[in-house]
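What the coordinates show
Next come the chains, spelled out residue by residue.
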Protein chains: 2
Amino acid sequence: MADTKLLTPGPVDVPDFVMQAIAKPVIPHRSPAFEAFYHDLLRDLTYLFQTQQQTCCMIGSGTYGVESAMYSLFRPGDQVMIISMGKFSQRWVDYASILQLDAIVIDKEWGQTVSISELAEVLKEHPGCKGVMITHCETSTGVLVDLEEIVWNLKQVKEELLVCVDAITSVGAVPFYFDAWMIDCAVVASQKSLMNPAGVCAFALSTHAEKHMVQTHASDARNLYNYIDFARKHNFPYTPPVQLLYGMKASLEYIQKLTLPTIWNQVHHKARVFRNGLAEIDGVLFGADYSSSLTAFSLPGSDLSEIKEKLEKDFHIILSGGQGHLKGQILRISHMGMSTDQDMRMVIDRIKQLL
Amino acid sequence: MADTKLLTPGPVDVPDFVMQAIAKPVIPHRSPAFEAFYHDLLRDLTYLFQTQQQTCCMIGSGTYGVESAMYSLFRPGDQVMIISMGKFSQRWVDYASILQLDAIVIDKEWGQTVSISELAEVLKEHPGCKGVMITHCETSTGVLVDLEEIVWNLKQVKEELLVCVDAITSVGAVPFYFDAWMIDCAVVASQKSLMNPAGVCAFALSTHAEKHMVQTHASDARNLYNYIDFARKHNFPYTPPVQLLYGMKASLEYIQKLTLPTIWNQVHHKARVFRNGLAEIDGVLFGADYSSSLTAFSLPGSDLSEIKEKLEKDFHIILSGGQGHLKGQILRISHMGMSTDQDMRMVIDRIKQLL
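Residues numbered from 1 in each chain as written. Chains lettered and ligands numbered in written order. Predicted model: local features only at pLDDT ≥ 70, side-chain atom pairs only at ≥ 80, totals over all residues. Heavy atoms only, no water.

**Quick word on the overall build of chain A**
Filter applied, for reference: Secondary structure is summarised from DSSP: a helix means a run of H or I of at least four residues, a strand means a run of E of at least two, and numbering begins at the N terminus for each. C-alpha atoms define the radius of gyration, and 2.2 Å times the number of residues to the power 0.38 defines the globule rule. Working definition: with a 1.4 Å probe on protein chains only, accessible area under 20% of the residue-type maximum means buried, over 50% means exposed, and in between means partly exposed. Pairs of residues are marked as contacts when any of their non-hydrogen atoms sit within 4.5 Å. Each accessible area is a Shrake-Rupley result for a 1.4 Å probe, and residues are judged covered by the shown protein chains and nothing else. Within this scheme the basic residues Lys and Arg register as positive and the acidic residues Asp and Glu register as negative, but His and the chain ends are omitted. By convention, charge coordinates are those of NZ in Lys, CZ in Arg, CG in Asp, or CD in Glu.
On a plain count of helices and strands, chain A comes out with 12 helices and 15 strands. In terms of C-alpha radius of gyration, chain A reaches 20 Å, essentially the compact-globule figure of 20 Å for 355 residues. Projected onto its principal axes, the C-alpha positions of chain A cover 60 × 55 × 35 Å. Considering chain A as a whole, with its 355 residues, one finds that 62% of them fall into the buried category. Taking as baseline every contact in chain A between residues at least 6 positions apart, the subset at least 24 positions apart corresponds to 71%. If you sum the accessible surface of chain A, you get close to 12,600 Å²; carbon and sulfur atoms cover 49% of it. Considering chain A, the positive charge centre built from 30 side chains and the negative charge centre built from 39 side chains are found 4 Å apart.

**What to know about the side chain of B:Ser193**
As for its placement among the helices and strands, B:Ser193 is situated in the loop between β9 (185–189) and β10 (200–205). Discounting chain neighbours no more than four positions away, the residues touching B:Ser193 are B:Val171, B:Gly172, B:Ala173, B:Ser251, B:Ile255 and B:Met336.

**Some words on the confidence of the model for chain A**
Condition: pLDDT measures how confident the predictor is about each residue, on a scale from 0 to 100.
Looking at chain A, the pLDDT average stands at 95 and 99% of residues meet or exceed 70. The complex model carries a pTM of 0.94, and its ipTM stands at 0.91.

**Remarks on the environment of B:Glu35**
Residues and elements named next belong to chain B. Operational definition: Side-chain atoms alone can form a polar contact between residues adjacent in sequence; in general such a contact is a pair of N or O atoms within 3.5 Å, and within protein one must be able to donate a hydrogen while the other accepts it.
Tracing the chain through its elements places Glu-35 in helix α2 (residues 32–49). Along the backbone, Glu-35 and Glu-160 are 125 residues apart, and their C-alpha atoms lie at a distance of 34 Å. Beyond its immediate stretch of four places on either side in the chain, Glu-35 contacts Lys-233, His-234 and Asn-235. Looking at Glu-35, its side chain comes within polar contact range of the side chain of Asn-235, at 2.6 Å.

**What about the packing of aromatic side chains?**
Residue and element names in this part refer to chain A. Put simply, the rule is: By convention, a stacked pair of Phe, Tyr or Trp rings (six-membered ring in the case of Trp) has centres within 6.5 Å and planes under 30 degrees apart, an edge-to-face pair has planes over 60 apart, and any other such pair is tilted. In our convention, an over-ring charge means Lys NZ or Arg CZ found within 6 Å of a ring centre and within 35 degrees of that ring's normal.
Tallied over the full model, the rule gives 27 aromatic pairs over all chains. Judged by centre distance (6.4 Å) and plane angle (65°), the rings of Phe-34 and Phe-236 are edge-to-face. Note that Phe-34 is positioned in helix α2 (residues 32–49) and Phe-236 in the loop between α8 (224–231) and α9 (242–258), a separation of 202 residues in sequence. For the pair Phe-34 and Phe-236, one class covers both residues: buried. Ring geometry for Tyr-38 against Phe-236: centres 5.0 Å apart, planes inclined by 45°, an arrangement best described as tilted. Remark: Phe-236 occurs in the loop between α8 and α9 and Tyr-38 occurs in helix α2; sequence separation between them is 198 residues. You can call Phe-236 buried: its relative accessible area is 1%. Put simply, the rings of Phe-34, Phe-37, Tyr-38, Tyr-227, Phe-236, Tyr-238 and Tyr-246 pair up and form one aromatic cluster. In this arrangement the basic side chain of Lys-233 is found over the ring face of Phe-230, its NZ or CZ atom lying 4.3 Å from the centre.

**Some remarks on the relation of the copies chain B and chain A**
Filter applied, for reference: Only residues with pLDDT of at least 70 in both copies count here: their C-alpha atoms drive the least-squares fit that superposes the copies.
Aligned on chain A, chain B shows an RMSD of 0.0 Å; the corresponding rotation is 180° and the shift along the axis is 0.0 Å. Put plainly, the chains are arranged around a two-fold axis. Residue B:Gly60 of chain B places its C-alpha closer to the rotation axis than any other residue of that unit, at 2.9 Å. Looking at chain B, 98% of its interface residues are interface residues in chain A too, so the copies touch through the same face.

**What to know about helix α11 (residues 304–315) of chain B**
All names here are of chain B. Short version of the rule: How far a helix is expected to stretch is found by multiplying one less than its residue total by 1.5 Å. Starting at the helix axis, one direction is taken to each C-beta atom, and the arc is that of these directions.
A rise of 1.5 Å per residue sets the reference length of α11, with its 12 residues, at 16 Å; its end C-alpha atoms lie 15 Å apart and thus fit the reference within 8%. Of all the residues in α11, the buried ones are Leu-304, Ile-307 and Leu-311. End-on view of α11: buried residues confined to an arc of 60°, all on one side of the axis. At its buried positions, α11 is contacted by β13 (317–318), β15 (331–334) and α12 (341–354).

**Remarks on helix α6 (residues 147–157) of chain A**
Residues lying three or four places apart along an α-helix face the same way, a consequence of the helix completing one turn every 3.6 residues. All names here are of chain A. Among the residues of α6, Leu-147, Ile-150, Val-151, Leu-154 and Lys-155 are the ones counted as buried. Summarising the axial view, the buried residues of α6 lie within an arc of 120°, below the 170-degree limit, and thus occupy one face. Considering only its buried residues, α6 is in contact with β3 (79–84), α5 (116–125), β5 (131–135) and β8 (162–166).

This is how it looks when you write it as structure tokens:
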């Protein structure tokens, strides 16, 4: 297994320096040592999100994180605009119904993006709308929305609109500026650009978002207000995943050392190498407005399940297939994490061998 | 840090064989390899819980796990009996109010246990009561309730009562028989007797409990029905914490090899060694009906904060203090995990030096 290339758009291979950090001795979380550590981790997260506002972490998958954000920001009956354009953004529509939100769903065909003017129009028609749920990069299709432009236009229509962003496959891979883009809540998960095992999600939260939360100290492990309140004291309201936070810290230090622009360029370059190579294997990019985080593509005339299986069995290269109705129609490859241009080139060559 | 003894009642020291399992290469979770692995893990969990019924895992702290169980089993307006006898069981009272349950709270002084006849009486007075929340071992006080007797008596009054147990500090440390004791839902967390980093919780669920769940496939990361449904196909509805599950598997294999009765005896013996030693330092056991998982004790006339601090600084021994209004009044030491009789003896000797 050691030379397997895990190139799925999350999880990605965990580098040795992260695993070594995770293997450090356990410390109790109600201790000055943990608090000093978490203080520094929260500061490192402000760099990742490009924010001067509040950051915090939670045990959870990315889905858990986004659901917690929705639960913490909105109340039953609140009107919320949701852009649905793939498997993950569809989840927020599902969950809005469970939270009994009044969801205005902007439904896009999978692979298509949303038009900025369309969103602003919908918001004008619904002046009571309290917030918007935007999936920055839709992992099931590779589509990236123009977050900066969208938020700018929406806030021109309604300044106090709460903008909540699923940034799981975008932060750390493509440019993302929490403060400059006027975002109110953003969620990332550990197993994508942070190159960690799955299990932790992290948040950036604006002071505006915080004002809209139910400010209670009742035990409720999904209420972000509890996490923020404890984060100010550099601790957690519930047992934190200390080992996994060690791993995340190691990754954040790596990112700061390289700097975000350098990493964004590396990811972008890997995406370009792979997409340039697609022509050689008659590959077709899926959808519009691609993120550099991953590439979704088809190989007309080829059996994708067979190719995916052979890549794994013969060459130890692991890609993802399509999800939902795209199963068997696309393959997806990640450009996040420690993979290299050479890896991208190699995948093209291996597919060529299999065609 | 390498020779630090972490003796808090969770987290406990993570043994090397668990860390080595966690450091194994990442595999994608939508794969036959993951499914074969999770199949085996679920089977190992049936041994831990002593059940032939359904098991599943979730990313989460223990608190998250218990809240998810409550959320999945009960609806707003449902009448639920809750035994509150410490910091953790009080959380379930808080959360019942958030879920808008009609909670009948059996309020006990911290350190006291509940009387079996009292519970049966309360249930008789509330024939519409749908379930009961029991904290098997209350980590803030060390009190263990007689779960077998309680459930037996309650089910004599109402057979269909849903019995939901916080077994976080009990399973793997003291006898626990999910099926034989007629429990419907039990929750454990990774950082206690499973000797893993915090981040995963595991459940056992009766078929009776499952029938009472909202059987929907809408995305909702707190709904246990989704996890059970996927567990039958040996997978997760959301990204699983693969690395942490590797660690849990290693620990479950260790437990099976030693056998549960052997481990229960080890834990019990460590508790006895420590409690026998208490006389030498004029220590006083706190409360009644102690679990072998941990000992809560006071040292009349001594400054506990100072002793706790010196144990850490001078001897690298980490204990827990009291929580809530017991802060500064008790110390707590764990008997779970890989610690030994000699460790227990050593703590007594070190405290003696400090008095």
